[in-house]
Structures are given as C-alpha cells and as structure tokens.
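Notes for the structure review
Spelled out from the first residue to the last, the chains are:
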Amino acid sequence: NLKTQKLKGEIVGSGMTLTEFADEVGISRPTFYRKIKDGSFTIDEAIKMAKKLNLSDHDILYIFFAK
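Below, the structure is looked at part by part.

What counts and how
Residue numbers restart at each chain and count upward from 1, following the sequence in its written direction. The model is predicted, so local features are restricted to residues of pLDDT at least 70 and side-chain atom pairs to those at 80 or more, both for listing and for counting; the totals for chains, interfaces and linings are taken over all residues. Where side-chain values are given, they derive from all heavy atoms of the structure, hydrogens and water being excluded. Burial classification: accessible surface area is computed with a 1.4 Å probe over protein chains only, and a residue below 20% of its type maximum counts as buried, one above 50% as exposed, and the rest as partly exposed. For helices the rule is a DSSP run of H or I covering at least 4 residues; for strands it is a run of E covering at least 2, with both sets numbered from the N terminus onward. As used here, the arc belongs to the directions running from the helix axis to the C-beta atoms. Ring pairs are drawn from Phe, Tyr and Trp, using the six-membered ring of Trp, whenever the two centres fall within 6.5 Å, and their geometry is named by plane angle: stacked under 30 degrees, edge-to-face over 60, tilted for the rest. Surface patches are drawn from residues lacking salt bridges whose relative accessible area is over 30%; two like charges belong together within 9 Å, two nonpolar side chains (Val, Leu, Ile, Met, Phe, Trp, Tyr) within 5 Å. Working definition of accessibility: Shrake-Rupley area with a 1.4 Å probe, residue cover restricted to the visible protein chains. Counted as salt bridges are all cases of a side-chain nitrogen of Lys or Arg within 4 Å of a carboxyl oxygen of Asp or Glu. Two residues qualify as a contact provided that any one of their heavy atoms is within 4.5 Å of a heavy atom in the partner residue. To get an axis, fit a line to the C-alpha atoms, keeping to the stretch in contact for a helix; angles then go from 0 to 180 degrees between the N-to-C directions. In what follows, roughly perpendicular refers to angles from 65 to 115 degrees, roughly parallel to angles under 35, roughly antiparallel to angles over 145, and oblique to any angle outside these ranges. Whether a crossing is left-handed or right-handed is set by the direction in which the near helix is turned from the far one by less than a right angle, anticlockwise for left-handed and clockwise for right-handed. All amino acids are sorted into three groups, where Ala, Val, Leu, Ile, Met, Phe, Trp, Tyr, Cys and Pro are nonpolar, Asp, Glu, Lys and Arg are charged, and the leftover types, Gly among them, are polar.

So, on to helix 3 (residues 29–38). If you check which residues of helix 3 are buried, you get Phe32, Lys35 and Ile36. The arc that holds every buried residue of helix 3, seen down its axis, measures 105 degrees, which confines them to one face. More than 90 degrees from the buried face of helix 3, the exposed residues found are Pro30 and Lys37. The first or second residue beyond helix 3 is Gly39, which carries a positive phi of 65 degrees.

This is the structure:
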C-alpha cells in the first residue's frame, strides 16, 4: 500500500531502521509492524511519529488519516 511505503520511506530517509524508529517512538517492534500493516496508529502515535520525522501537514494527513 502506498501509505505504508511512504511511511517506511520517511523512516529510512531519516537514517533509522523501522526497529530503531519503533523504539524511538515507544512502540514495541511487533506492535509497530502490525500497526504499519493495518494502519491502526493512534492519534498520539501519529503526532509523535510526525514530529520525529518532521512530516508536512499534507504527509501527516495522507499517511495517517486518508482512507
């Protein structure tokens, strides 16, 4: 899915692995991978990740909230 690929690309582009990023935002690795797959991040998690990745408002809406 394109939203998943966009999020993964932003994480890798930040110089972190997905596992390192999950640790940085306080989500266990298995939970993080599940949430990436099903898009079930909470608003608080989305905000934390957006800040960590310095995402634009457009990217935040696209990655976390678009259907």
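Picking up after the structure, the text goes on.
It is worth spelling out the packing of aromatic side chains at this point. Applying the stated criterion across every chain, the model contains 5 aromatic pairs. Aromatic pair Phe41 and Phe64: ring centres 5.9 Å apart, planes at 85 degrees, arrangement edge-to-face. Within this pair, whereas Phe41 is found in the loop between helix 3 and helix 4 (43–53), its partner Phe64 is found in helix 5 (residues 57–65), the two being separated by 23 residues in sequence. On the basis of relative accessible area, Phe41 is assigned to the buried category, the value being 15%. Members of the aromatic cluster, connected to one another through ring pairs, are Phe21, Phe32, Tyr33, Phe41, Phe64 and Phe65.

Bringing a nonpolar patch on the surface into the picture now. Together, Ile43, Ile47, Leu61 and Phe65 give the surface a local cluster of nonpolar side chains, amounting to about 390 Å² of exposed area. When residues of the nonpolar patch are traced back to their parent elements, those giving at least two are helix 4 and helix 5. For Ile43, the location among the structural elements is in helix 4. According to the relative accessible area criterion, Ile43 is exposed, its value standing at 52%.

This paragraph deals with helix 4. Among the residues of helix 4, those classed as buried are Glu45, Ala46, Met49, Ala50 and Leu53. The arc enclosing the buried residues of helix 4, seen along the axis, measures out at 130 degrees, which places them on a common side. Exposed side chains of helix 4 directed beyond 90 degrees from the buried face belong to Ile43, Asp44 and Lys51. Those residues of helix 4 that are buried lie in contact with helix 1 (2–13), helix 2 (18–24), helix 3 and helix 5.

With that settled, the discussion passes to the packing of helix 4 against helix 5. Taken N-terminus to C-terminus, the directions of helix 4 and helix 5 make an angle of 140 degrees; their axes are 11 Å apart at the nearest point. Classified by the angle between their axes, helix 4 and helix 5 sit oblique to one another. The two elements helix 4 and helix 5 meet at a crossing, and its hand is right-handed. Contact with helix 4, carried on its side by Ile43, Ala46, Met49 and Ala50, involves Ile60, Phe64 and Phe65 of helix 5 and no other residues of that element. For the contact of helix 4 with helix 5, a count of residues per class yields 7 nonpolar, no polar and no charged.

Interpretation note: all reported values are geometric properties and have no functional meaning in isolation.
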